[in-house]
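Coordinate analysis (summary)
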Amino acid sequence: MFGLMKNTSSGCSDEKADWYRLHYCGTCKALGQIYGQSSRLFLNYDLVFLSEFLSLAKQEDIENWSEKLYSLDCFSLPEIDQLPKELVFAADINALFVDLKFRDNIEDNSSLIWTTIRKVFHRPLGKVSSRMNTWGIDYS
């Protein structure tokens, strides 16, 4: 599930590579700000693509995005209110997928490993349900 659509911007212009990096780093920073630093381990390329798609569909002016999203410093996180909705939505869906992946692995093979991993990440992923409600998605 994770990492199916990787960036292939090696032959792209610098502008396209910057666009991808901004969405990749922005989605990662949104995950870190909303769900905590440990949630960034599960950044999904497909959800980075979703944030790019949403930005294009909305015709978002990315030049107005927070300077911290452009920063190469991974620990320089913008405030939640400075995060564009596209990145917040992608981060929320990413966290939802991680939680569902943990639940699925526990259900498939009720091993102690996955149960422990889910308990370790319960605190950050505990926000998923309430955040999904803000988007109008019923997640129980």
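Here, the structure is the one placed above.
Just so it is clear, the model here is predicted, and its values are computed rather than measured.

About the cut-offs
- Residues numbered from 1 in each chain as written.
- Predicted model: local features only at pLDDT ≥ 70, side-chain atom pairs only at ≥ 80, totals over all residues.
- Heavy atoms only, no water.
- Helix = DSSP H or I, 4+ residues; strand = E, 2+ residues; numbered from the N terminus.
- Rg over C-alpha atoms; globule rule 2.2 N^0.38 Å.
- Buried < 20%, exposed > 50% of the residue type's maximum accessible area, 1.4 Å probe, protein only.
- Contact = heavy atoms within 4.5 Å.
- Salt bridge = Lys/Arg side-chain N within 4 Å of Asp/Glu carboxyl O.
- Expected span 1.5 Å × (residues − 1).
- Core = buried A, V, L, I, M, F, W, Y, C linked by side-chain atoms within 4.5 Å.
- Patch = residues over 30% accessible without salt bridge, like charges linked within 9 Å, V, L, I, M, F, W, Y side chains within 5 Å.
- Areas by Shrake-Rupley, 256 points an atom, 1.4 Å probe, with all protein chains shown as cover.
- Lys, Arg positive; Asp, Glu negative; His and termini not counted.
- Charge placed at Lys NZ, Arg CZ, Asp CG, Glu CD.
- Phe/Tyr/Trp six-rings, centres within 6.5 Å; stacked < 30°, edge-to-face > 60°.

This part is about the overall build of the protein chain. From N to C terminus, the protein chain includes seven helices and zero strands. Beginning at the N terminus, the succession of helices and strands in the protein chain can be written as α-α-α-α-α-α-α. Radius of gyration (C-alpha) of the protein chain: 16 Å, near the 14 Å computed for a compact globule of 140 residues. Expressed along its principal axes, the backbone C-alpha trace of the protein chain runs to roughly 45 × 30 × 30 Å. Within the protein chain, the fraction of its 140 residues that count as buried is 40%.

This paragraph deals with the environment of Arg 118. Take Arg 118: it is sitting in helix H5 (residues 112–120). Overall, Arg 118 belongs to the partly exposed group, its relative accessible area being 24%. Residues Arg 118 and Val 98, spaced 20 residues apart in sequence, show a C-alpha to C-alpha distance of 9.5 Å. With residues up to four places along the chain from it excluded, the contact list for Arg 118 reads Asp 99, Phe 102, Arg 103 and Ile 106.

Before going further, it helps to spend a moment on the pattern of salt bridges. Oppositely charged side chains can pair when the atoms bearing their charge come close. Under the definition given, this model contains four salt bridges. With a closest N to O distance of 3.1 Å, Arg 118 and Asp 99 form a salt bridge. In this pair, Arg 118 is assigned in helix H5 and Asp 99 in helix H4 (residues 85–108), connecting sequence segments 19 residues apart. Because the salt bridges share partners, they merge into one network encompassing Asp 99, Arg 103 and Arg 118.

Time to look at helix H1 (residues 14–35). Over its 22 residues, H1 runs 31 Å from end to end, which matches the ideal 32 Å to within 8%, given 1.5 Å per residue. The first or second residue beyond H1 is Gly 36, which carries a positive phi of 95 degrees.

For the rest of this paragraph, the subject is the nonpolar core. Among the nonpolar cores identified, the biggest contains 27 residues, and Leu 125 and Val 128 are the most heavily contacted of them. Of all elements in the fold, only H1, helix H2 (45–58), H4 and helix H7 (128–134) reach the threshold of two or more residues within this core. No other element matches the eight residues that H4 contributes to this core. Sequence-distant contacts of Val 128, that is, excluding residues within four places in its chain, are made with Tyr 35, Ala 95, Leu 96 and Tyr 139.

Moving on, we get to the environment of Leu 47. Within the secondary structure layout, Leu 47 lies in helix H2. Remark: the alpha-carbon pair of Leu 47 and Ala 90, spanning 43 residues in sequence, is separated by 5.5 Å. Discounting chain neighbours no more than four positions away, the residues touching Leu 47 are Ala 90, Ile 93, Asn 94 and Phe 97.

Another point: a negative patch on the surface. A contiguous patch of negative charge, built from Asp 14, Glu 15, Asp 18, Asp 61 and Glu 63, is present on the exposed surface. Turning to its location among the elements, Asp 14 is positioned in helix H1.

Another point: the packing of aromatic side chains. Two measures describe an aromatic ring pair: the distance that separates the ring centres and the angle between the ring planes. Counted under the stated rule, the structure contains seven aromatic pairs. Taking 4.9 Å as the distance between ring centres and 80 degrees as the angle between the ring planes, the aromatic pair formed by Phe 89 and Trp 135 counts as edge-to-face. A residue pair is termed long-range when its members are at least 10 positions apart, and Phe 89 in helix H4 and Trp 135 in the segment after H7 qualify at 46 residues. The class of Trp 135 is partly exposed, set by a relative accessible area of 32%. Ring geometry for Phe 102 against Phe 121: centres 6.0 Å apart, planes inclined by 40 degrees, an arrangement best described as tilted.

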